[in-house]
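What the coordinates show
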Amino acid sequence: MRVARSFGADDVRIEEFDDPEPGPGEVVCDILACGVCASDVTDWYVAAKLPAVLGHEPTGIVRTVGEGVDNVAVGDRVAIHHHTPCGECRRCRRGHETMCERFRATRLDPGGFAERVRLVPELSSELLVLPDGVDPVEATLIEPLACVLRAQERSNLRAGDSLLVVGAGVNGLLSIAAAHARGVDAVWVREPRPDRLAHALETGAERHGNELVDVAIVCTPKPDAIAAAAEAVAPGGTVCLYAPPAPDAPPRLDGAALFLRELTLTASYSAGPGDMRASLELIAGGEVDAASLISHRLPLEETAAALNLQRQGEAIKAVVIP
Amino acid sequence: MKAALLYGREDLRVEDVPEPQGEVIVEVQAATICGTDVKMWRHGHRVLGPYPCCFGHETAGVRVDTGERVLVSDSVACGNCAACRAARAQICREPTWVLGGFAERIGAPAAALHAIPDGLPAPAAAMAEPLAAALHAVDRGSDAEDVGVLGGGPMGLMLASLLLAGGRMVTVADRHPERRAQASALGARGEPELDQHELVFEAVGRPETWRAAVCAAAPGGTVVLVGGCPHGTEVTLPPAPIHYDELELRGSFHHAPAEVDRALEALAAGILDWESLLGETIPLERLPEALARSGDGPARKSLVDPRL
């Protein structure tokens, strides 16, 4: 099978790998589509993993199943999560399933930018079958939307609250849509790029001025944007660092304000199985308009171009379709 | 009457002043010294009135009108702002501050007064003010069993006492061996530095200790920031643990009135060994030297008794 293997930010090679075979409890899928995540083009983050087949937002169709697999059948169209927790350890029991030791130890073989993928039993058992009518390209947004839902849970965002979304890239736009679905009263947005701001306003957010909000979700790692978001949060409110700050640009906060205004600063990493299921429901139910967010569709051979479109901010969401 | 007045930075004078005004006048029996008093004396503070001004905010005494023993809380929330309406009186936007415990008498709104349980001595009752802030901070934390407290001053040791009373495992980190020994005497572990804990309280109030507290939080952990940094302090936080370890940082400020009553009850129930935190008892005239001396050695709160 063909894969797109990254050796560096500008060095993505199409290579031939052996076709994967499922062991007991395992599933092999033909990949239908795989979204490009901001983390795939966060070069300091990816550097430690290379060379690697990137891509962790895939949907597929079940090609072969190993012995004992009974939750999916050949021909099922599925959304695939790339990590899964054990569900039993102390961190899982306390709601920190993405901190579970097994979570990051489970991964796709070889990755999403490939013709096929092998799923270990832990990942196979979490496959989500796509309902009829859900487009597999649009369904690549299930994983990023699940991450957004987790961040909103961690921020204790509730119906009737007000929300500031900082940055209207795909995660910001998903945040706005998910907030509307949650019954959030007022959704404000900050975005310097006019085209992105316009897109956010079309989805029902309002341009932020000086309103104080209950929750701010910061979808950019820029320290200045984080500090400004903290200033916009009302006493007792929450700032969620959604984008991982870069090692050389740590977040800076007003040490007196965090204390005097009793702010909560929270962060959210990835998404758990429950977030994936909730996300599928939102997309299948049409509550999040996935189609409007997929801006670019490219074949596997153009994975490098897809990564660049995302890196340079030209794409809202680029999707690779093998 | 005699009162200690701040005239400027490190300029404190004990003088004869006019009798205080207020809804209720309280004869002060005990006024304990807090780290914030030291900050007010050294640097001034946003809640102080124009110089010369009175201060002291951990005050217990007797109502002149009824003879009732009362703790004078240091603030009354407005009851109208968004924070008050959300049941967060501690972060009221327009509180009335009630300062002036370092004096023979203090005037206060009746709403600032809390009855002292019978049998609880005035020095212990004065400590209900910081203990209420500690109770509030514990409630801002999670229910994790393994807890680290960074800073073994009076606030750190009060936090440790409350957490131990709640059945938690507590480690107190402080660079002073005397304070580590005090933590051990309470039943906590005293260490020079924190290892990794699911719940961490920062009870120092410096950017470097905020960072140390974040680094001491285990994956999925919570950090409660009890020590406020001075105004204008920018804190640079370590980026990787916050995101990849899904940490949560929560500021904890002050207390709500119900927490002051809970603190008085906790003191009456013997949850805090307040005597071990009590330093020397001094007259008003010795307040300047007590402020200058605080910070090092064992964690003890000096007590001003204006009747001396």
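Quick note: structure is the one above.
Residues numbered from 1 in each chain as written. Chains lettered and ligands numbered in written order. Predicted model: local features only at pLDDT ≥ 70, side-chain atom pairs only at ≥ 80, totals over all residues.

**Some thoughts on the interface of chain B and chain A**
The partner chain A presents 32 residues to the 35 residues of chain B that form the contact. At the level of secondary structure, the elements contributing two or more residues to the side of chain B that touches chain A comprise helix H2 (82–85), helix H7 (207–215), strand E15 (217–225), strand E16 (234–236), helix H8 (239–244) and strand E17 (248–251) of chain B. When residues in the side of chain B that touches chain A are grouped by element, the largest group, 5 residues, is from H8 of chain B. (Contact = placed C-beta atoms within 7 Å. Helix = DSSP H or I, 4+ residues; strand = E, 2+ residues; numbered from the N terminus.)

**Structural notes on H7 of chain B**
Within the span of H7 of chain B, buried status applies to Trp210, Ala213 and Val214 of chain B. Taken around the axis of H7 of chain B, the buried residues stretch over an arc of 100 degrees, which confines them to a single face. (Buried ≥ 20, exposed ≤ 12 C-beta atoms within 10 Å, placed from the backbone. Arc of directions from axis to C-beta.)

**A word on the sheet that holds strand E1 (residues 2–8) of chain B**
Residues and elements named next belong to chain B. Judged by pairing direction, the sheet is antiparallel, and its 3 strands sit side by side in the order E2-E1-E4 without closing on themselves. Both outer strands of the open sheet, strand E2 (11–16) and strand E4 (53–54), are each paired with one neighbouring strand and no more. Across 6 bridges, the pairing between E1 and E2 is antiparallel. Within the sheet, the bridge partner assigned to Ala4 lies in E2 and is Val14. (Pairing = 2+ DSSP bridges.)

**A look at the packing of helix H5 (residues 154–165) of chain B against helix H6 (residues 177–186) of chain B**
Angle between the axes and distance between the axes are the two parameters that describe a pair of packed helices. All names here are of chain B. Interaxial distance between H5 and H6 falls to 10 Å at its minimum, and their mutual angle equals 20 degrees. One finds that H5 runs roughly parallel with respect to H6. H5 and H6 meet at a crossing whose hand is right-handed. Two secondary-structure elements touch here, H5 through Leu157, Ala160, Ser161 and Leu164 and H6 through Gln182, Ala183 and Leu186. Residue classes in the contact of H5 with H6 are distributed as 5 nonpolar, 2 polar and no charged. (Axes fitted to C-alpha atoms, helices over the stretch in contact; angles between N-to-C directions. Parallel < 35°, antiparallel > 145°, perpendicular 65-115°, else oblique. Left-handed = near helix turned anticlockwise from the far one by under 90°. Nonpolar A, V, L, I, M, F, W, Y, C, P; charged D, E, K, R; others polar.)

**Some details on the pairing of strand E3 (residues 24–32) of chain B**
All names here are of chain B. Where E3 and strand E9 (residues 105–108) come together, 4 bridges link them in antiparallel fashion. If you follow Glu27 over to E9, its bridge partner there is Arg105. As judged from the 5 bridges shared by E3 and strand E5 (residues 59–63), these two strands associate in the antiparallel manner. Pairing of Val26 across the sheet is with Arg63, part of E5. One ladder, built from 2 bridges, connects E3 with strand E19 (residues 301–304); its direction is antiparallel. If you follow Thr32 over to E19, its bridge partner there is Leu303.

**Overview of the nonpolar core**
Within the largest apolar cluster, 202 residues are counted, with the highest numbers of intra-cluster contacts made by Val218 of chain A together with Ala125, Leu159 and Leu267 of chain B. Sort the elements by how many residues they give to this core and helix H4 (residues 128–140) of chain B lands first, with 8 residues. Excluding residues that lie within four positions of it along the chain, Val218 of chain A makes contacts with Val166, Gly167, Ala225, Ile226, Ala229, Val239, Cys240, Leu241, Tyr242 and Ala243 of chain A. (Core = buried A, V, L, I, M, F, W, Y, C linked by C-beta atoms within 7 Å.)

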